[in-house]
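# Notes for the structure review
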Amino acid sequence: MLGLLAGCAGSATTASGASSSFPPPSAFPPPSARSSAPADDSTPLARVRAAIDRFNATAGKQVAAQQQVLEALVSSGQTAQQRACPVATTTIELEPVYARLTAAPQWHPSSGTMAGTAYALPTLIRIYTGDRITGTDLTDLHLTIDAGQVRFPAICLR
């Protein structure tokens, strides 16, 4: 079985000149390149990518900058929950598995409301203290699209 997989991977030459059946590192684009939105920005996937890219642009930077973007993305039915969060001292970066974006019509936030069509998106979260990654977590990020706008639930950062 391993031989079959290696045969499908192609051939690459290592630094020593030896042939390898694994693709070179350049065959795997960095997360930022993988998350670029498709040309049609009206699809749910493209809208979600754009919102997450906007949010991620503040990861590892000023906490206040990320909080400002988050407040703009949080659903109006989640504003009270967002304002009740403790003062944030970290930022996060969301690294979703976009291919697994699925409608989640049965999902509802534990408190407050969120209008629109609900979606679930498996996501790796990278936690930053300053510009250093200090933790990770896995979750299903739930969000909605209402009147063409992507809306996040309240996200409390510590």
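Whatever comes next refers back to the structure up there.
In this text the structure is predicted, and so the values were computed from the model without any measurement.

Turning to the overall build of the chain, a few remarks are in order. Secondary structure summary: the chain contains five helices and seven strands in total. Scored against the burial criterion, the 158 residues of the chain give a buried share of 34%. Summarising the internal contacts of the chain: among those between residues at least 6 apart in sequence, 60% fall at separations of at least 24. Carbon and sulfur atoms provide 57% of the accessible area of the chain, an area that totals close to 9,500 Å².

What follows covers the packing of helix α3 (residues 44-56) against helix α4 (residues 63-73). One way to put it is that α3 packs onto α4 with a least axis distance of 9 Å and a crossing angle of 155°. Between α3 and α4, the crossing angle belongs to the class labelled roughly antiparallel. In this structure, α3 contributes Ala 51, Arg 54 and Phe 55 to the contact, and α4 contributes Gln 66, Val 69, Leu 70, Ala 72 and Leu 73. The residue makeup of the contact of α3 with α4, split by class, is six nonpolar, one polar and one charged.

Attention now moves to the pattern of salt bridges. Under the definition given, this model contains one salt bridge. Here Arg 126 makes a salt bridge to Glu 95, at a shortest N to O gap of 3.0 Å. Here Glu 95 lies in strand β3 (residues 91-96) and Arg 126 lies in strand β5 (residues 117-129), a separation of 31 residues in the sequence. Residue class for Arg 126 comes out partly exposed when judged on its relative accessible area of 22%.

On to the pairing of β5, then. As paired elements, β3 and β5 share six bridges and run antiparallel to each other. Looking at β5, one finds that Glu 95 is bridged to Leu 124. In the sheet, strand β4 (residues 102-103) pairs with β5 via two bridges, with the strands oriented antiparallel. Paired with Thr 102 across the two strands is Ala 120, which belongs to β5. In terms of strand pairing, β5 meets strand β6 (residues 132-146) through 13 bridges, oriented antiparallel. Each bridged residue has a counterpart across the sheet, and for Leu 124 the counterpart in β6 is Leu 138. Between β5 and β6, which pair antiparallel and follow one another directly, the connecting turn spans two residues, one of which, Gly 130, has a positive phi of 65°.

Tallied over the entire structure, the rule returns one aromatic pair. Judged by centre distance (5.8 Å) and plane angle (55°), the ring pair of Phe 55 and Phe 152 falls under tilted. With Phe 55 in helix α3 and Phe 152 in the segment after β7 (149-151), the pair connects residues that are 97 residues apart, well separated along the chain. Since its relative accessible area comes to 0%, Phe 55 is described here as buried. A residue is classified by how much of its surface remains accessible, and Phe 152, at 0% relative accessible area, is buried. Stacked on the ring of Tyr 98, the Lys or Arg Arg 49 has its end atom at 4.4 Å from the ring centre.

Thresholds applied
Residues numbered from 1 in each chain as written. Predicted model: local features only at pLDDT ≥ 70, side-chain atom pairs only at ≥ 80, totals over all residues. Heavy atoms only, no water. Helix = DSSP H or I, 4+ residues; strand = E, 2+ residues; numbered from the N terminus. Buried < 20%, exposed > 50% of the residue type's maximum accessible area, 1.4 Å probe, protein only. Contact = heavy atoms within 4.5 Å. Areas by Shrake-Rupley, 256 points an atom, 1.4 Å probe, with all protein chains shown as cover. Axes fitted to C-alpha atoms, helices over the stretch in contact; angles between N-to-C directions. Parallel < 35°, antiparallel > 145°, perpendicular 65-115°, else oblique. Nonpolar A, V, L, I, M, F, W, Y, C, P; charged D, E, K, R; others polar. Salt bridge = Lys/Arg side-chain N within 4 Å of Asp/Glu carboxyl O. Pairing = 2+ DSSP bridges. Phe/Tyr/Trp six-rings, centres within 6.5 Å; stacked < 30°, edge-to-face > 60°. Lys NZ or Arg CZ within 6 Å of the ring centre and 35° of its normal.

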